[in-house]
Amino acid sequence: MPEPTSSGVAGAAAFKAAGGVAAGGALLSTIVVMLMTPPRSTREWAVGLISTVVTGIGGGAMAVQYFGLQEWVESVTGLVALGGLIFGCGLPGWAIVRWVFNFIEKNRDAGIDEVAKEVREAGQSHECHCR
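Throughout what follows, the structure given in this document is the object of discussion. Only a predicted model underlies this, so the values are computations on that prediction, with no experimental measurement involved.

### Comments concerning the environment of M62
(1) Moving on: Mapped onto the secondary structure, M62 falls in helix α2 (residues 42-67).
(2) Moving on: The exposure class assigned to M62 is exposed, which follows from its relative accessible area of 62%.
(3) Moving on: C-alpha separation for the pair M62 and I86, spaced 24 residues apart in sequence, amounts to 9.8 Å.

Here it is in structure tokens:
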């Protein structure tokens, strides 16, 4: 049985490595997203940065949990793969936030009933009629 101190140190090192991978993957996806869809203002830049990083780390964590990939943290190759997963999860974050804010801005003066109607109509027009 390993000594508690040495296994605790190894666990802490793995935790730090995973955090570095998460930060690296999220940062790279943020750079790509900002280059592909440049923000129109400083405020939009900050929102894009935050949303891409949070989507990358949060979405990546959800994917790791869902697919049971926790043991990938134990190898360098696994950490690199997790970084790629976090990168991929971060890419749609800025687009989703931008779409939501554009919708909110477009409907700024609308009542809640008008907004609900528009959302309902949008959902109905995009229904899949596959069988």
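So much for the structure itself; the text now carries on.
### Re helix α3 (residues 76-106)
(1) Moving on: Here α3 spans 47 Å end to end across 31 residues, near enough to the 45 Å set by a 1.5 Å rise per residue.
(2) Moving on: Those residues of α3 that fall on the buried side of the exposure criterion are G78, L79, L82, G83, I86, C89, G90, G93, W94, V97 and R98.

### With respect to the pattern of salt bridges
(1) Moving on: Taken as a whole, this structure holds four salt bridges when the rule is applied.
(2) Moving on: Between E44 and R40 there is a salt bridge, with the nearest N and O atoms lying 3.0 Å from each other.
(3) Moving on: We classify E44 as buried; its relative accessible area is 15%.
(4) Moving on: The class for R40 is exposed, based on a relative accessible area of 59%.
(5) Moving on: Note that R98 is salt-bridged to E44, the shortest N-O span being 2.8 Å. Separated by 54 residues along the polypeptide, R98 in helix α3 and E44 in helix α2 bring together distant segments of the chain.
(6) Moving on: Classification of R98 by relative accessible area gives buried; the value is 16%.

### Describing the packing of α2 against α3
(1) Moving on: Direction vectors running N to C along α2 and α3 enclose 135 degrees, while the axes themselves pass 6 Å from each other. The pairing of α2 with α3 is recorded here as oblique in orientation. Pair α2 / α3 crosses with right-handed handedness. Contacts from E44, V47, G48, S51, T52, T55, G56, I57, G59, G60, A63 and V64 in α2 reach L82, L85, I86, C89, G90, G93, W94, V97, R98 and F101 in α3.
(2) Moving on: Taken together, the residues that form the contact of α2 with α3 break down as 11 nonpolar, nine polar and two charged.

### Comments concerning the side chain of T52
(1) Moving on: Relative to the helices and strands, T52 is located in helix α2.
(2) Moving on: If we skip the residues at most four places from it in the chain, T52 touches A26, S29, T30, V33, G90 and W94.

### Quick notes on a nonpolar patch on the surface
(1) Moving on: Side chains of V47, I96, W99, V100, F101 and I104 sit close together on the surface and give an oily, nonpolar patch of about 590 Å² of accessible area.
(2) Moving on: Here the element with the most residues in the nonpolar patch is α3; it accounts for five residues.
(3) Moving on: Turning to its location among the elements, V100 is positioned in helix α3.

### Some remarks on α2
(1) Moving on: Here α2 contains 26 residues, and its C-alpha end-to-end distance of 37 Å stays within 8% of the 38 Å for a straight helix at 1.5 Å per residue.
(2) Moving on: For α2, every residue scored as buried is listed here: E44, G48, S51, T52, G56, G59, G60, A63 and V64.
(3) Moving on: Directly after α2, the chain includes G68, whose backbone phi takes a positive value near 65 degrees.

Thresholds applied
Residues numbered from 1 in each chain as written. Predicted model: local features only at pLDDT ≥ 70, side-chain atom pairs only at ≥ 80, totals over all residues. Heavy atoms only, no water. Helix = DSSP H or I, 4+ residues; strand = E, 2+ residues; numbered from the N terminus. Buried < 20%, exposed > 50% of the residue type's maximum accessible area, 1.4 Å probe, protein only. Expected span 1.5 Å × (residues − 1). Salt bridge = Lys/Arg side-chain N within 4 Å of Asp/Glu carboxyl O. Axes fitted to C-alpha atoms, helices over the stretch in contact; angles between N-to-C directions. Parallel < 35°, antiparallel > 145°, perpendicular 65-115°, else oblique. Left-handed = near helix turned anticlockwise from the far one by under 90°. Contact = heavy atoms within 4.5 Å. Nonpolar A, V, L, I, M, F, W, Y, C, P; charged D, E, K, R; others polar. Patch = residues over 30% accessible without salt bridge, like charges linked within 9 Å, V, L, I, M, F, W, Y side chains within 5 Å. Areas by Shrake-Rupley, 256 points an atom, 1.4 Å probe, with all protein chains shown as cover.

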